[in-house]
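Chain by chain, the residues run as shown.
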Amino acid sequence: MSEGFFDPKQPYFVRRGNLPHWRQEGALYFVTFRLADSIPEKKIRIWNSERLRLRSEMLRADEVALRRHKAALERRLQKWLDCGWGSCILTAPGAAACVKASMEHFNGTRYALVEDVIAANHVHALVRPALGVDLSAIVSSWKRYTANQLWRIPQVREAMGRSSGSIWQEESFDHIVRNQPELDRIVEYIRQHKEWKK
């Protein structure tokens, strides 16, 4: 499993929160974490309703159809993020640099950061945790540290209309990369985001 792709023959587990989080040692993950106000509540209700419907269909659907439906659901969420809703505080002077510095801090020791982009209201990263390091701990550390640092930026406090509280959505989206074509698509998606930012 040197590529880090999901290997159904190797041990893995699924931890449930609002989203399922698949974990496999040595895996490469596509991670998205977003600002707390990045998607309107009405859209979240629609998405959650679809997600629950997908969960109930899991028992009846074939694997290919299920994967296709799940991918469509994920694309919808990504499309909503790209609409630029919410405070978009990651465009404030120094905000993106703060997030990037946090992500780079343990790059090469606790994880390998393969590709990333910081958008106005969310972050995408391709990351491979080091053996024995949990992805959730990595992402939680990024969010915890940057939340403290972002509150120090006056433009962030002004955009949020307050000086403390939640900056990041509690749960992040993560997906184990399945194969090379999927990895190529994800890398291209992240690079397109970088081009849009210019």
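Right above here is the structure, for reference.
About the criteria used
- Residues numbered from 1 in each chain as written.
- Predicted model: local features only at pLDDT ≥ 70, side-chain atom pairs only at ≥ 80, totals over all residues.
- Heavy atoms only, no water.
- Salt bridge = Lys/Arg side-chain N within 4 Å of Asp/Glu carboxyl O.
- Helix = DSSP H or I, 4+ residues; strand = E, 2+ residues; numbered from the N terminus.
- Buried < 20%, exposed > 50% of the residue type's maximum accessible area, 1.4 Å probe, protein only.
- Pairing = 2+ DSSP bridges.
- Axes fitted to C-alpha atoms, helices over the stretch in contact; angles between N-to-C directions.
- Contact = heavy atoms within 4.5 Å.
- Expected span 1.5 Å × (residues − 1).
- Arc of directions from axis to C-beta.
- Polar contact = N/O pair within 3.5 Å; in protein donor to acceptor, adjacent residues only side chain to side chain.
- Left-handed = near helix turned anticlockwise from the far one by under 90°.

**Student:** Quick one: what's the story with the pattern of salt bridges, residue by residue and with numbers?
**Tutor:** Applying the stated rule across the entire model yields 6 salt bridges. Residue Asp174 is joined to Arg23 by a salt bridge in which the shortest nitrogen-to-oxygen separation is 3.0 Å. One end of the pair, Asp174, is in strand β6 (residues 173-176); the other, Arg23, is in strand β2 (residues 20-23), with 151 residues separating them in the sequence. Each member of the pair Asp174 and Arg23 is classed as buried. A salt bridge links Arg191 to Glu115, with the nearest nitrogen and oxygen atoms 3.1 Å apart. Placement of Arg191 in helix α6 (residues 180-197) and of Glu115 in strand β4 (residues 111-118) is noted, with a sequence separation of 76 residues between them. Judged by its relative accessible area of 11%, Glu115 falls in the buried class. A network of salt bridges, in which partner residues are shared, links Arg23, Asp134 and Asp174.

**Student:** An account of the sheet that holds β6 is requested, with residue identities and associated values reported.
**Tutor:** Read from one edge to the other, the open sheet built from 4 strands follows the order β4-β5-β3-β6, with strand pairing classed as antiparallel. Two strands lie at the open edges of the sheet, namely β4 and β6, each paired on one side alone. Adjacent strand axes in the sheet meet at a mean angle of 15° when their direction is disregarded. Bridging between strand β3 (residues 29-34) and strand β5 (residues 122-129) involves 6 bridges; their strand directions are antiparallel. Among the inter-strand pairings, Phe33 is bridged to a residue of β5, identified as Val123. Its contacts with the sheet put helix α3 (residues 95-105) on β3, β4 and β5, and the angle it makes with β4 is roughly 165°. Contacts from helix α4 (residues 135-150) reach β3, β4, β5 and β6, with the element oriented near 30° to β3.

**Student:** Outline the pairing of β3, supporting the account with residue identities and numerical values.
**Tutor:** Looking down a regular strand, the side chains alternate between one sheet face and the other. In terms of burial, β3 is largely enclosed, as 6 of its 6 residues are buried. Residues of β3 alternate between two faces, with Tyr29, Val31 and Phe33 on one and Phe30, Thr32 and Arg34 on the opposite face, all of them buried. Two strands pair when backbone bridges link them, and β3 and β6 are joined in this way by 4 bridges, in the antiparallel orientation. The residue of β6 that forms the bridge with Tyr29 is Ile176.

**Student:** Describe the environment of Ile153, with residues and values.
**Tutor:** Relative to the assigned elements, Ile153 resides in the loop between α4 and α5 (154-160). Looking at Ile153, the relative accessible area reads 12%, which means it is buried. Along the sequence, Ile153 and Ala92 sit 61 residues apart, while their C-alpha atoms lie 8.0 Å from each other. Filtering out sequence-adjacent residues up to four positions away, Ile153 remains in contact with Ala92, Pro93, Gly94 and Ala95.

**Student:** Got a sec to walk through α4? Specific residues and values, please.
**Tutor:** The end-to-end C-alpha distance of α4, which contains 16 residues, comes to 22 Å, matching closely the 22 Å that a straight helix rising 1.5 Å per residue would cover. Three or more residues of α4 are buried, namely Leu135, Ser136, Ile138, Val139, Trp142, Lys143, Thr146, Ala147 and Leu150. Mapping the buried residues of α4 onto a view down its axis gives an arc of 165°, with all of them on the same face. Regarding α4, its N-cap is Asp134, as a side-chain oxygen of that residue lies 3.2 Å from the backbone nitrogen of Ser136 further along.

**Student:** Would you mind going over the side chain of His193 in detail, with residue names and values included?
**Tutor:** Note on placement: His193 falls in helix α6. Once residues lying within four places of it in the same chain are set aside, the contact partners of His193 are Asp82, Val117, Ala119, His122 and His124.

**Student:** Talk me through the packing of α3 against α4; I want residue IDs and the actual numbers.
**Tutor:** Packing of α3 against α4 brings their axes to within 10 Å, and their N-to-C directions diverge by 150°. Between α3 and α4 lies a crossing of right-handed hand. Of the residues in α4, those in contact with Ala95, Cys98, Val99, Ser102 and Met103 of α3 are Trp142, Tyr145, Thr146, Gln149 and Leu150.

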